[in-house]
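# A structural walkthrough
What follows is the residue order along each chain.
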Amino acid sequence: MIASVIFPAVLALGLIGWFSTRARAKLLYSGRGSMHSMPGYHAWHLALWIVLPALLVWGLWSAVSPVIVDHTVLSEPVAAQIPSDPVQRAAILSEARNIAEDPGFIGFYDESPTLAPAMKAAQDHYGLIGAILVAVAALAGGGYAFTRVRSGYPARTRVERLVMLALLGASLLAILTTLGIVASLVFEAARFFKDVSPIAFLTGTHWAPANAVGDDLNANFGAVPLFWGTLYIGAFIAMLVAIPLGLMSAIYLTQYADRRARKVLKPVLEILAGIPTVVYGYFAALTVAPAIRDFAAALGYQNPSTESALAAGLVMGVMIIPFVSSMADDAIAAVPRAMADGSLAMGATRSETIKKVLLPAALPGIVAGVMLAVSRAIGETMIVVMAAGATARLTADPFASMTTVTYQIVQLLTGDQEFNSPKTLSAFALGLVLFVVTLILNIIALRVVKRFREAYE
Amino acid sequence: MSNTWKSDAMTRRIAARNASERRFRLLGLSAIVLSLLFLALLLFIMLRNGLAGLDWSFLSGSDSTDASAAGIWGAAKGSFLTMVVTLVLSFPMGVLAAIYLEEFAPRNRWVDWVEVSINNLAAVPSIIFGLLGLAVFINMAGMARSSPLVGGLTLALMTMPVIVISGRNAIKAVPPSIRTAAMGVGASPVQVVFHHVLPLALPGILTGTIIGMARALGETAPLLMIGMRAFVATPPGGINDPSSVLPMQIFLWSDEIDRGFVQNTSAAIIVLLVFLLAMNGLAIYLRNKFEVRW
Amino acid sequence: MTQTKLPQTKLTARNVDVFYGDNKAIDDVSIDIGNGVVTAFIGPSGCGKSTFLRSLNRMNDTIAGARVTGQILLDGEDIYDREMDPVALRARVGMVFQKPNPFPKSIYENVAYGPRIHGLAQKKADMDGIVEKALTRAGLWNEVKDRLTDAGTALSGGQQQRLCIARAIAVSPEVILMDEPCSALDPIATARIEELIEDLKSRYAIVIVTHSMQQAARVSQKTAFFHLGRMVEYGDTHQIFTNPREERTKDYITGRYG
């Protein structure tokens, strides 16, 4: 509740500083060249000197004060009777904090309400100190900048330096995200590999985390069936649908369709890429999978399952069509016109030119596009969660239910396990494998695309 | 000599080649038609199943165990709050990063790493961002599970690379003569960018941002990781309340056995698709209306 | 033929070298540029005349790997001094470019932009005055006074270039650098710009780079001939064109290469 006062107060102070400084700096102006920086920059300079130090202090204090508050509360006489177990202590303190903020809160521990008044008092006490510190920081910063409102002071340079810092910081966020992904995956996966040997994980063929208790961890965390299912659905069935349809669509759009048709067909085709995966998943589960089950039954299968690799792979393939199509489109468009003209001028038909000249020339770009498509398909989650099934099995039967890496990650992390169990941690190991594989595919493909474009430029 | 071109064998050969040409062309057309038929089927089934369920009580209600009482307002509000968090974080960050990389970054190894990193992040499976969100925001930073805040943060990290890439392309398209002109009258590099380059690149950046946001709005997998699958019978009041989002609501209802939920699921899909179509339409409109060809 | 009074020196360059990476584009150029006169830089393509021009208001700073050594003084102040803000310098040394490059904003905003960032007007009325004066001096006022809110990019090529000149003089520079300002214009528009240069020269030091010797002869009082990154000859325009001291100048003027 203190936060809701301090934040607007600091901003208001900054705003007042901004307007008053601009007015003051305008008085300094006495003609061309009389000031290094325009009044507006002086105003920003001062406002930033008020707001940034204040927010910094506030941030630090919000991190530190709960610790001090807890310490103070625990040293009160009423805290003498609470259990010494640190976990229970933490829980009681947390409940006391909730009660202090919302008196209607019902806690689990009997001690919590007795601590609440002390908690409230300590919070108010240190909240007040924090507010004073913030005010001091704002005034000190503002005071410093106030003395700098002089005609020769390079306020613009200073403000622009801060802008440059912000720009740099924003681009470092991209690196930080990557590092964050790598660090969190590696860290949690390492904890998993303390219990399960990486070799057993990567080469074992039996996946049954539910049975994994005690000493037989290695035997139940063999992820090969997941890898198989992922590749079979994403890299095989889906590509069987997406490559021919996507490639032929691209060829038709770039080589045969007239401008008007192209202008309509292309965006309509791209709608396929804009449909959320959960919608595809639902469509797969509701319509495609039952149809495939009936088809399998008609073929003579005994008790075909509703969930099948074919249903998931088929729908995933359709989802990827526009992606393959636009990658192939780019690759074909990058081939110089003169190449196709040369072939046409010899009397080759369009289709002969496409098959013999354009496609071979565009092949590297198309292959890179397919790699990116595979990387997308194996990372796809919702379709397989809703249509592929949970059974880890090694089979090439498209009508069988199959599971994938992403399905298992969802399965393992949405149950009610505690966070530190090998079951939960194994999700991060699977995530790590998925990340590394897609990373390799992406980097190779992006490099091929870049080199391919340069070759024809 | 020229007679060989008129010989029967040659005529037949040319006829065969022309036939194969027609077959190939038909193949291309049928690839598109097949893809579009699939799209049409999908939309038809959703409309047939869901249209009847689209009434006011559905649009204004929240989740419920009773199919006929359940509505999507709670999930829609969760989606809205999540998108606000995503936009507020990813748009400024993405634009600032794009400006830095395009206008100020020196050519060195560090910047190469940033570029590789951004290009790759745009292709990382979304579920991986969910794992990141779970490990960092929830387990490390102790933020509230299932909240629009954590969901928005996670989706922001996913959307930012998209905005950076489209932003860089838009900035690159602004001709250098504008920059030299501004510099010539004494604008500082920062003024050149914020007074001239950015306003001119803005339509392109906004188009990319809307497309990125549309993707984030349809995303389910990363939000599953951070627990936004709670059963939420009351709409969230703020960004720290437990909440669901539209695609998650679709996923949760799709699992219900009760036949009534088939209608709800399809109706929710219609609502989601209408939102996405509107966003993409807006992006196309912006691009056509404001994009300057130099 | 009366000897014109030696004009007051505005810009002084001493032993200036300009490098692009390891390439030396300008080699040991020293020159005094006078106030109130038009100085023309002529020479074959790639001789470095534009490069040297761009070093006079530090536009070369914007090119990665460009480096200037030696001394360039504006009223005795070293413009490459650490204390010198390139931004303030460019307000004093304005520039007009080869291709007209108006901002995609209104005519008014094109001219007002410079005065606004340099804080030359406190009130709207002051700004209106500055814009009108700059457009009048650039000989454009009568053509555009009724459509100041139209886009600057909608003007004809010659008008655009005069708009760019108005934009440059709106910040009241002391020196105006013109980098082949007429190369993208038709003869009529070129004649207008040349008249304009004639009108402006009493107030500013004008340096013009041109590939047209006729233009140099028409508009300038002083001419410097550049060849292969060096300044071969510098003197009164009349003398350079009628009686060059250097053989290479003569060869160029008479069209033996270029």
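Residues numbered from 1 in each chain as written. Chains lettered and ligands numbered in written order. Predicted model: local features only at pLDDT ≥ 70, side-chain atom pairs only at ≥ 80, totals over all residues. Heavy atoms only, no water.

### Some words on the sheet that holds strand E9 (residues 222-227) of chain C
Residue and element names in this part refer to chain C. Ordered in space as E6-E7-E8-E3-E9-E10, the 6 strands form an open sheet in which the pairing is mixed. For this open sheet the edge positions go to strand E6 (93-96) and strand E10 (230-236), each flanked by a neighbour on one side alone. Averaged over all adjacent pairs, the angle separating strand axes in this sheet is 20°, with direction ignored. In this sheet, strand E7 (residues 175-179) lies alongside E6 in parallel orientation, the contact comprising 4 bridges. When the sheet's bridge partners are listed, Val 96 is paired in E7 with Met 178. Relative to E6, helix H6 (residues 157-170) is tilted by about 170°, and along the sheet it contacts E6 and E7. (Pairing = 2+ DSSP bridges. Helix = DSSP H or I, 4+ residues; strand = E, 2+ residues; numbered from the N terminus. Axes fitted to C-alpha atoms, helices over the stretch in contact; angles between N-to-C directions. Contact = heavy atoms within 4.5 Å.)

### Examining the nonpolar core
Among the nonpolar cores identified, the biggest contains 159 residues, and A:Ile251, A:Tyr280, A:Ile320, A:Ile409, A:Leu430, B:Ile128 and B:Phe251 are the most heavily contacted of them. A per-element tally of this core places helix H8 (residues 224-256) of chain A first, with 17 residues. Residues contacting A:Ile409, with those up to four places away along its chain left out, are A:Ala427, A:Leu430, A:Gly431, B:Ile127, B:Leu131 and B:Met225. Core analysis: the next-biggest nonpolar cluster, separate from the first, contains 67 residues, B:Ile118, B:Val185, C:Ile26 and C:Leu56 among them. (Core = buried A, V, L, I, M, F, W, Y, C linked by side-chain atoms within 4.5 Å. Buried < 20%, exposed > 50% of the residue type's maximum accessible area, 1.4 Å probe, protein only.)

### What to know about the packing of aromatic side chains
Evaluation of the coordinates by the stated rule reveals 24 aromatic pairs over all chains. Judged by centre distance (6.0 Å) and plane angle (35°), the ring pair of A:Phe7 and A:Trp58 falls under tilted. Taken together, the residues span a long stretch of sequence, with A:Phe7 in helix H1 (residues 2-28) and A:Trp58 in helix H2 (residues 39-74) at a distance of 51 residues. Arranged with centres 5.0 Å apart and planes meeting at 55°, the rings of C:Phe41 and C:Phe226 form a pair that is tilted. You can see C:Phe41 sitting in strand E3 (residues 38-42) and its partner C:Phe226 sitting in strand E9, a full 185 residues away along the chain. Across this residue pair, the class does not change: C:Phe41 and C:Phe226 are buried. Among the aromatic residues, those joined into a ring-pair cluster are A:Phe192, A:Phe193, A:Phe201, A:Trp207, A:Phe221 and A:Phe227. Above the ring of C:Phe103, the side-chain terminus of C:Arg167 is found at 4.6 Å from the ring centroid. (Phe/Tyr/Trp six-rings, centres within 6.5 Å; stacked < 30°, edge-to-face > 60°. Lys NZ or Arg CZ within 6 Å of the ring centre and 35° of its normal.)

### Considering the pattern of salt bridges
Oppositely charged side chains are able to pair whenever their charged atoms sit close together. All names here are of chain C. The final tally for this structure, using the stated rule, is 30 salt bridges over all chains. Where Arg 92 meets Glu 174, a salt bridge forms, and the shortest distance between an N and an O atom there is 3.0 Å. Here Glu 174 lies in the loop between H6 and E7 and Arg 92 lies in helix H2 (residues 86-92), a separation of 82 residues in the sequence. Of the charged contacts in the structure, one is a salt bridge between Glu 143 and Arg 192, with a shortest N-O distance of 3.5 Å. Of this pair, Glu 143 sits in helix H5 (residues 141-144) while Arg 192 sits in helix H7 (residues 187-200); the two residues are 49 residues apart in sequence, bridging distant segments of the chain. With a relative accessible area of 32%, Arg 192 lands in the partly exposed category. Through salt bridges that share partners, Lys 10, Asp 75, Glu 77, Arg 92 and Glu 174 make up one connected network. (Salt bridge = Lys/Arg side-chain N within 4 Å of Asp/Glu carboxyl O.)

### Considering the packing of helix H4 (residues 124-137) of chain C against H6(C)
The axes of two packed helices give the description: the angle between them and the distance between them. Residue and element names in this part refer to chain C. Two numbers describe how H4 lies on H6: the axes approach to 8 Å, and their chain directions differ by 130°. What the angle tells us is that H4 and H6 run oblique. Every pair of crossing elements has a handedness; the one defined by H4 and H6 is right-handed. Facing Ile 130, Ala 134, Leu 135 and Arg 137 of H4, the residues of H6 in contact are Leu 163, Ala 166, Ile 169 and Ala 170. Residues belonging to the contact of H4 with H6 are distributed by class as follows: 7 nonpolar, no polar and 1 charged. (Parallel < 35°, antiparallel > 145°, perpendicular 65-115°, else oblique. Left-handed = near helix turned anticlockwise from the far one by under 90°. Nonpolar A, V, L, I, M, F, W, Y, C, P; charged D, E, K, R; others polar.)

### Looking at the packing of helix H4 (residues 109-121) of chain B against helix H6 (residues 148-172) of chain B
Residues and elements named next belong to chain B. The interhelical angle for the contact between H4 and H6, taken along N-to-C directions, is 115°, at an axis separation of 8 Å. The interaxial crossing formed by H4 with H6 has left-handed handedness. Residues Glu 115, Ile 118, Asn 119 and Leu 121 of H4 form the contact with H6, whose own contacting residues are Pro 161, Val 164, Ile 165 and Arg 168. When its residues are assigned to classes, the contact of H4 with H6 shows 5 nonpolar, 1 polar and 2 charged.

### Overview of the confidence of the model for chain A
Taken as a whole, chain A shows an average pLDDT of 87; of its residues, 97% reach a score of 70 or greater. At the low end of the mean pLDDT range in chain A sits helix H3 (residues 86-101) of chain A, at 78; at the high end sits H8(A), at 93. (pLDDT = per-residue confidence, 0-100.)

### What to know about a negative patch on the surface
A contiguous patch of negative charge on the surface is contributed by B:Asp66, B:Asp255, B:Glu256 and B:Asp258. For B:Glu256, a relative accessible area of 41% translates into the label partly exposed. (Patch = residues over 30% accessible without salt bridge, like charges linked within 9 Å, V, L, I, M, F, W, Y side chains within 5 Å. Areas by Shrake-Rupley, 256 points an atom, 1.4 Å probe, with all protein chains shown as cover. Lys, Arg positive; Asp, Glu negative; His and termini not counted. Charge placed at Lys NZ, Arg CZ, Asp CG, Glu CD.)

### A short note on the environment of C:Thr9
All names here are of chain C. Secondary-structure assignment places Thr 9 in strand E1 (residues 9-20). By relative accessible area, which is 36% here, Thr 9 ends up partly exposed. Sequence separation between Thr 9 and Gly 36 is 27 residues; the distance between their C-alpha atoms is 9.3 Å.

### Digging into the interface of chain B and chain A
Taken together, the 71 residues of chain B in the interface contact 77 residues of chain A. In total, chain B and chain A occlude about 6,400 Å² of area from one another, counting both sides; carbon and sulfur atoms represent 79% of this. For the chain B face of the interface with chain A, the top three residues by lost area are B:Phe24, B:Ile32 and B:Phe38, together amounting to 10%. At the surface where chain B touches chain A, the tally comes to 1 salt bridge. With a shortest N-O distance of 2.8 Å, B:Arg17 and A:Glu352 are connected by a salt bridge. Across the contact surface, chain B and chain A share 13 residue pairs in polar contact (both at pLDDT 80 or more). It is helix H1 (residues 8-50) of chain B that contributes the most residues to the side of chain B that touches chain A, 21 residues altogether. (Buried area = accessible area lost by both parts, 1.4 Å probe. Polar contact = N/O pair within 3.5 Å; in protein donor to acceptor, adjacent residues only side chain to side chain.)

### A closer look at the interface of chain B and chain C
Taken together, the contact pairs 16 residues of chain B with 20 residues of chain C. For the chain B and chain C pair, buried surface summed over both sides reaches about 1,400 Å², with 69% attributable to carbon and sulfur atoms. Of all residues in chain B, the largest losses of buried area upon contact with chain C belong to B:Met183, B:Val185 and B:His196, amounting jointly to 37% of the total for that side. Linking chain B to chain C there are 0 salt bridges. Taken together, the residues of the side of chain B that touches chain C break down into 8 nonpolar, 8 polar and no charged.

### Some words on the sheet that holds E1(C)
Residues and elements named next belong to chain C. Read across the sheet, 4 strands follow the order E2-E1-E4-E5 without closing on themselves; strand pairing throughout is antiparallel. In this open sheet, the two strands that pair with only one neighbour each are strand E2 (23-34) and strand E5 (77-78). Pairing geometry for E1 and strand E4 (residues 66-74), over 8 bridges, is antiparallel. If you follow Thr 12 over to E4, its bridge partner there is Leu 73.

### Side note on the state of the cysteines
Residues and elements named next belong to chain C. Counted by the stated rule, this structure contains 0 disulfides over all chains. Not engaged in a disulfide, the cysteine Cys 47 finds its nearest cysteine sulfur in Cys 182; these two sulfurs lie 17 Å apart. In this structure Cys 47 comes out as buried when scored by relative accessible area, which is 2%. (Disulfide = S-S within 2.5 Å.)

### Some points on the UniProt feature "domain: ABC transporter" (unreviewed entry) in chain C
Sequence positions flagged by UniProt for "domain: ABC transporter" (unreviewed entry) are, in local numbering, residues 11-253 of chain C. Summarising residues 11-253 of chain C: 37% helix, 27% strand, and an end-to-end C-alpha distance of 26 Å. (UniProt positions renumbered as here; feature names shortened; annotations may be inferred.)

### Some thoughts on H4(B)
Over its 13 residues, H4(B) extends 18 Å from the first C-alpha to the last, a length consistent with the 18 Å expected when each residue adds 1.5 Å. Along H4(B), the residues that are buried comprise B:Val111, B:Val114, B:Glu115, B:Ser117, B:Ile118, B:Asn120 and B:Leu121. In this fold, the buried residues of H4(B) make contact with helix H5 (155-195) and helix H16 (422-456) of chain A together with helix H3 (73-104), helix H5 (126-140) and H6 of chain B. Its side-chain oxygen 3.1 Å from the backbone nitrogen of B:Trp110, B:Asn108 forms the N-cap of H4(B). (Expected span 1.5 Å × (residues − 1).)

### Brief notes about the domain arrangement of chain A
The assigned domain composition of chain A is domain 1 (2-153) and domain 2 (209-456). Placing a centre on the C-alpha atoms of domain 1 of chain A and another on those of domain 2 of chain A gives a separation of 51 Å. (Domains from an automatic or database assignment.)

### Examining the side chain of C:Asn110
All names here are of chain C. With respect to the element layout, Asn 110 can be found in helix H3 (residues 107-117). One polar contact links the side chain of Asn 110 to the main-chain amide nitrogen of Phe 103, over a distance of 2.8 Å. Not counting the four nearest positions on each side in its chain, Asn 110 is found in contact with Pro 102, Phe 103, Lys 105, Gly 152, Leu 163 and Arg 167.

### Brief notes about unusual backbone geometry
Residues and elements named next belong to chain C. Backbone geometry places Asp 75, a non-glycine residue, at a positive phi of 50°. Looking at the secondary structure, you find Asp 75 in the loop between E4 and E5. The phi dihedral of Leu 228 is positive, around 50°, even though this residue is not glycine. Topologically, Leu 228 is positioned in the loop between E9 and E10. By relative accessible area, which is 67% here, Leu 228 ends up exposed.

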